[in-house]
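A look at the structure
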Amino acid sequence: MHWWSQQACDAAAEAQAADPSPGNLMAAAQVQALVSMAEALHRIAAALEERDESVPPLIIRPRS
């Protein structure tokens with residue numbers, strides 16, 4: 001887990017503990033979902049960067 005995702009999860013948990021209202025529970029769930037999506041996008045970006053370094057560029061030739 002990255003530091004930014006840990007901070008977001010910690011903040012959501014603190015807000016939920018301070019006020020366990022339905023609104024805060026929904027907000028905490030939304031934070032968790034956003035953190036999961038951000039981590040997935042981060043992994044995808046890292047894989048694409050790694051691929052770009054190891055694979056020669058694709059040469060696209062125009063059709064004749």
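See the structure printed just above.
Residues numbered from 1 in each chain as written. Predicted model: local features only at pLDDT ≥ 70, side-chain atom pairs only at ≥ 80, totals over all residues. Heavy atoms only, no water.

Assigned secondary structure in the protein consists of two helices and zero strands. The buried share of the protein, taken over its 64 residues, is 9%. For the protein, the computed accessible surface area is about 5500 Å², with 62% contributed by carbon and sulfur atoms. (Helix = DSSP H or I, 4+ residues; strand = E, 2+ residues; numbered from the N terminus. Buried < 20%, exposed > 50% of the residue type's maximum accessible area, 1.4 Å probe, protein only. Areas by Shrake-Rupley, 256 points an atom, 1.4 Å probe, with all protein chains shown as cover.)

A contiguous nonpolar surface patch, about 290 Å² in accessible area, is contributed by Leu41, Ile44 and Leu48. Here isoleucine 44 lies in helix α2 (residues 22-54). (Patch = residues over 30% accessible without salt bridge, like charges linked within 9 Å, V, L, I, M, F, W, Y side chains within 5 Å. Salt bridge = Lys/Arg side-chain N within 4 Å of Asp/Glu carboxyl O.)

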